[in-house]
Structures are given as C-alpha cells and as structure tokens.
Amino acid sequence: DVKVTQSSRYLVKRTGEKVFLECVQDMDHENMFWYRQDPGLGLRLIYFSYDVKMKEKGDIPEGYSVSREKKERFSLILESASTNQTSMYLCASSLSPGLAGPGVNIQYFGAGTRLSVL
Amino acid sequence: GESVGLHLPTLSVQEGDNSIINCAYSNSASDYFIWYKQESGKGPQFIIDIRSNMDKRQGQRVTVLLNKTVKHLSLQIAATQPGDSAVYFCAENMSGPGRRALTFGSGTRLQVQP
C-alpha cells in the first residue's frame, strides 16, 4: 500500500513564526502536492512538485513556499504564519502522468496536519 | 476559472438504501475523474476513477457514471452502510503532460441513518 506520512497531526503556532510541515511518501512517486482544506471550500492546491528541486505554484501559493530536496520528501513552509493560515493541510503524491495506463493520476493522501495560528 | 462543484452539500440516507452523489464539472478539457472518500480525521481515500472514453465504471458496491454531454459525474453506492458515512469529493484532471494536479469539488457529506 502507498503510504504518505505527515509529520504532525496537530500544530499550534503563533503569528509571525516560521512553520515547517513535512511530508514523506514511500512509493517512489514523482509528483507531490500540498493542499489546504477549509470548510465549504474543499481542497485547494498550494504548490506541487513533479521532480526533485522542481516546483510549481498551485491556486493559492501566497504566503507559502516549498522545498523538495529528496524525491520522497516535500516540505511546506510558512515564512511568517498568519491567522488566516489556520487550516487543515493535506499532502499527496502520485505517479508521473507520462506513464500509460489507467490510474496514473490517482493521488494518495496523508492524514493531514491541523494547524492553528494564534 | 473553471471548477468542479457538487449539487448537494449533505445527503442523508437509510442504511441499506442506495446513495447517489452528484458532481458537475465545467472544464470541457478534463478527461479523467476521481471520487474520493474522506472520513473524519483522515485524509481523502481513493474510491474509483473514470476516463472520458467511458461512461460507466463499476467497483465493489460503487458505480461512477459520466455524462460528458452535460458535464455531469455521479457516484452511486449500493446498499449503503454506516461505514459509508463520510464526505465525498469528485475531482477532475487533464491527463498528459502539463497538468498534474487535480481540481476538487467542495464535497458532499453522506449521513447514513441506522
């Protein structure tokens, strides 16, 4: 089974702190994603990465940055946390869409990190 | 921008009945769709997917129907069980290079009454 592990289930931080959310996957997937999930808004894409050291902005990248130094690890960074970044953060991974066959775009999710910024 | 949406935010069904969760999509270039289930305190779990060259796909107790003419997707759950209570999301994707991310709908909560 694919396993996507997020380092923390719950985090409480103060406004202005630098926050790191870590995600590790064990299936050698090329693609990794960070989403935030808010009531009534569903999942919104923050950033994704399709290879080591490569990244692309998603729909709501403002206030966030990412790092992918190793294939299995994708970090989300809040440079200066703000209260409007209080949310559930979900990490996902998937195979490269360049492969043929069904199911190549299935994203596998971690359990989520619930971040509260006070 | 183009988006994926859901008709009903909450669906309540009796145990043993069939459930139908609907989803409308607006991106005519989308050719791959996925349904996810998210239980409380967990991340979304893959249920079933379908490509645009199909109009129906069946899994274990679940069926996904795709109507490209009206850009509508549905998830049917047969003999709904208490363990099916969760939030269900549809998501769309354009296959091939250049777009790897999924666009998610806002979700429908399924409540199964005993």
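## What to know about the overall build of chain B
Alright, step 1. Helix and strand counts for chain B stand at zero helices and eleven strands.
Alright, step 2. The order of α-helices and β-strands along chain B, N terminus first, is β-β-β-β-β-β-β-β-β-β-β.
Alright, step 3. With 114 residues in all, chain B has 46% of them scored as buried.
Alright, step 4. Taking as baseline every contact in chain B between residues at least 6 positions apart, the subset at least 24 positions apart corresponds to 54%.
Alright, step 5. Surface exposure of chain B reaches about 5400 Å², of which carbon and sulfur atoms provide 46%.

## Points about the pattern of salt bridges
Alright, step 1. In this structure the tally under the stated criterion is eight salt bridges over all chains.
Alright, step 2. Salt-bridge contacts for K18(A) lead to E79(A); the nearest nitrogen and oxygen are separated by 3.5 Å. Placement of the pair is K18(A) in the loop between strand 2 (10-13) and strand 3 (19-25) and E79(A) in the loop between strand 8 (73-78) and strand 9 (87-94), with a sequence separation of 61 residues.
Alright, step 3. Take K18(A): its relative accessible area is 45%, and that puts it in the partly exposed class.
Alright, step 4. Note on E79(A): relative accessible area 44%, which makes it partly exposed.
Alright, step 5. For D84(B), the salt bridge is made with R61(B), and the minimal N-O distance between the two is 2.9 Å. Within this pair, whereas D84(B) is found in the loop between strand 8 (72-77) and strand 9 (86-93), its partner R61(B) is found in the loop between strand 6 (56-58) and strand 7 (62-67), the two being separated by 23 residues in sequence.
Alright, step 6. On the basis of relative accessibility, which here comes to 6%, the residue D84(B) falls in the buried class.

## What to know about the confidence of the model for chain B
Detailed conclusions should not be drawn from predicted coordinates in areas where pLDDT is low.
Alright, step 1. Per-residue confidence for chain B gives a mean pLDDT of 87, with 88% of residues at or over 70.
Alright, step 2. With pLDDT under 50 throughout, residues 1-8 of chain B is counted as low confidence; its partners more than four residues away or in other chains account for 35 contacts.

## Quick notes on the interface of chain B and chain A
Alright, step 1. Chain B puts 21 residues into the contact, and the matching count from chain A is 24 residues.
Alright, step 2. Surface buried jointly by chain B and chain A totals about 1800 Å² across both partners, of which 56% is contributed by carbon and sulfur atoms.
Alright, step 3. Viewed at the interface, chain A and chain B are joined by three residue pairs in polar contact (both at pLDDT 80 or more).
Alright, step 4. At the level of elements, strand 4 (32-38), strand 5 (45-51) and strand 9 of chain B are the ones that each hand at least two residues to the side of chain B that touches chain A.
Alright, step 5. Broken down by element, the side of chain B that touches chain A gets its largest block of residues, four residues, from strand 4 of chain B.
Alright, step 6. Within the side of chain B that touches chain A, the residues separate by chemical class into nine nonpolar, eight polar and four charged.

About the thresholds
The residue numbers shown here count from 1 along each chain, following its written sequence. Key to labels: chains lettered from A, ligands numbered from 1, both in the order written. At least 70 in pLDDT is required for a residue's local features to be given in this predicted model, at least 80 for side-chain atom pairs to be given and counted, and no such filter applies to totals for whole chains, interfaces and linings, which use all residues. Side-chain calculation: all heavy atoms of the structure are included, whereas hydrogens and water are not. Only runs of H or I of at least four residues qualify as helices and only runs of E of at least two qualify as strands under DSSP, and these elements are numbered from the N terminus. Note on exposure labels: buried denotes an accessible area under 20% of the residue type's maximum, exposed denotes more than 50%, and partly exposed covers the range between, all computed with a 1.4 Å probe on protein chains only. We call two residues contacting when some pair of their heavy atoms lies within 4.5 Å. Where accessible areas are quoted, they stem from the Shrake-Rupley method and a 1.4 Å probe; at the residue level, only the protein chains shown are allowed to cover. Between Lys or Arg on one side and Asp or Glu on the other, a salt bridge is scored when a side-chain nitrogen of the former is within 4 Å of a carboxyl oxygen of the latter. Each residue carries a pLDDT value, the predictor's own confidence for that position, ranging from 0 to 100. When two components associate, each loses some accessible surface as probed by a 1.4 Å sphere; the sum of these losses over both components is called the buried area. Polar contact is the term for a pair of N or O atoms within 3.5 Å; when the atoms are in protein, one must be able to donate a hydrogen and the other to accept it, and sequence-neighboring residues count only if both atoms are side-chain atoms. Each residue gets one of three labels, nonpolar for Ala, Val, Leu, Ile, Met, Phe, Trp, Tyr, Cys and Pro, charged for Asp, Glu, Lys and Arg, and polar for the others, Gly among them.

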